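Per-entry structural report
In case you want the letters, here they are:
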Amino acid sequence: MELSERDNMRSLMKMVMVAVLVCGCVFGHTEAGEKLSGKKLIVGTMANCLGLPVRQAQVAGYFDEVGLDVEILIFATGAPINEAMSAQKLDMAVSGMATVHALATGRFTYIGDGMITIGGETIYARPDSIYAKTEGPRPNLYGNAEIVKGARILGPLATAAQFNAIKYVEALGLTADDFDMVGMDYAGAQQAFITGEGDLVASSPPYSNQLDSLGYFPVSDLYRSLGITLVDANYCQNYVLEERRADLVAFLECYYRASEDLNNDPEMRRRVGREWYSEEGRTVTDKEMDDEIRQKSYNTLDTLLTPGHEFGDCMVSIGQFFTEQGMIRERSLPNVQKSMDPSLIQELKAKWGKQ
C-alpha cells in the first residue's frame, strides 16, 4: 500500500471513530457516559394538563434526541395507573395525588416533582341548592357543618378529589366520617352530577372548567378557599431505577425541557394541548385552555432550585394526611418518605451546569 493510501485509510478510520462516538453520545448515552438500556420505557399518565409535558417531549422530538424509546399509555385517573404499576405493566408514571398510595407500598421511587396546581381543584353544588346559598366561615367557602353533614360527594377515590372533599368538610368543622364519598372517575362523576346524582361533586380540570361554564356553583376551591397547592409526581418501579437509571435521567431531562416549553409559550401549549386532547376524544374550548394555563404550571430545573423548595414535600404531606384519615396504614407511612430520591435531579443539575 502506498503512503498516500495509508494516509487516506487512517483519515477514513478517524472519521468513522468520530461518527461512532458522536452517535453514542447523542443517541445512546447520558452526558456522564452511562449507556441507555435500549429498551422501551413504558410511561403511564393522563391525557390532560398533568401529562402534557410527556406529550410535548414526544412531539418536540426530545425523546428521539436522547435516544430514548418511550411508549405512553393513557389512563383516566391515578388509581388505575397505580394498578398498572403494581402489575408491572408500566416502568414509570407521571401522575397525581393517587401516587402516594403506591409509594406507601415501598415498591416505587419518587424521582421528580411535576405539575403545580393553583386552581381548578373545586367542589361544585347546583346553583339553586342550599349548599350554594349558605356562606361559609371564610372567603370563597360555602356551606356549614349542619347542611354538609351526610352529603354525598361524587368523585374518584384516593385522588386529589377525595383529598379536596375531606379538606372541605374539615374547614366546616366536620370529619371524613361525616360525608359519603361516592367513587367514580371525573368524567363519570360530572355526568352523574349533571343528571341529578349526588349533592356535590369534587372536580378537576378540564371538568371543573366545564362545570364553571355550565353555571354550577363552586362551594370550595383547594387553592382559593383553603390555600393548598398541589404538586404532582414522576415515579418509577424500584427495579427500573436499579437497572435502567440512565433511561430515567434521560426521561427527566426531556420532561423538564418540555415543561419549560409549556411555561414559556402559552400559544404552543394551547396548540399541543388541544391537538392531543382531540386525539384522545375530548374537545376543549378556548376558555377551558385559558383556564388550564392560568391554573396549572410546571416545575422545571430552575423552580427546583428555588431557595426553600422541598423535593417531594407535597406528596409527603399528602401521605401524612391520608394516614391520619386511616387511608394509609401507619406502618406504611415511612415508605413514602423513603421513596424520595432527588439524586436523578442532582445529576441533571450537574449536567446542565445549574447549582
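Residues numbered from 1 in each chain as written. Predicted model: local features only at pLDDT ≥ 70, side-chain atom pairs only at ≥ 80, totals over all residues. Heavy atoms only, no water.

**Quick word on the layout of surface pockets**
Note the threshold: Here the term cavity refers to a set of points on a 1 Å grid, laid over the protein atoms alone, in which a 1.4 Å probe fits but cannot get out; the term pocket refers to an open set having protein on both sides within 12 Å along at least five of seven lines, with lining residues being those that place an atom within 4 Å of a point. Grid points are joined across faces, edges and corners, and a volume is the space filled by probe spheres set on the points. Here the term charged refers only to Asp, Glu, Lys and Arg, the term nonpolar to Ala, Val, Leu, Ile, Met, Phe, Trp, Tyr, Cys and Pro, and the term polar to all other amino acids, Gly among them.
Within this model, the largest pocket holds a volume of roughly 460 Å³. The wall of the largest pocket is formed by 30 residues, among which Met 46, Asn 48, Ala 76, Tyr 186 and Pro 205 lie closest to the centre. When the residues that make up the lining of the largest pocket are grouped by side-chain class, the tally is 17 nonpolar, seven polar and six charged.

**Topic: unusual backbone geometry**
Here the residue pair Pro 205 and Pro 206 is connected by a cis peptide bond, since its omega of 5 degrees sits within 30 degrees of zero. Located in the positive-phi region is Ala 158, a residue other than glycine, with phi close to 60 degrees.

**Structural notes on the pairing of strand S10 (residues 230-237)**
Rule in force here: Relative accessibility thresholds used throughout: buried, under 20% of the residue-type maximum; exposed, over 50%; partly exposed, between the two (1.4 Å probe, protein chains only). Strands here mean DSSP runs of E at least two residues long; helices mean DSSP runs of H or I at least four residues long; both are numbered from the N terminus. What makes two strands pair is DSSP finding at least two bridges between them.
With eight of eight residues buried, S10 lies mostly within the body of the structure. Note: strand S3 (residues 92-95) against S10, four bridges, orientation antiparallel. Bridge pairing in S10 places Ala 93 opposite Tyr 235.

**A few points about the pattern of salt bridges**
So the rule is basically this: Within this document, salt bridges are pairs made up of a side-chain nitrogen of Lys or Arg and a carboxyl oxygen of Asp or Glu, the two lying within 4 Å of each other.
Per the stated rule, a full pass over the model turns up 15 salt bridges. Ionic pairing is found between Asp 91 and Arg 244, a salt bridge with its closest N-O pair at 3.5 Å. Pair noted here: Asp 91 is in the loop between helix H4 (78-86) and S3 and Arg 244 is in the loop between helix H11 (238-243) and helix H12 (245-264), with a separation of 153 residues, a long-range link. For the salt bridge of Asp 291 with Arg 294, the shortest nitrogen-to-oxygen distance reads 2.9 Å.

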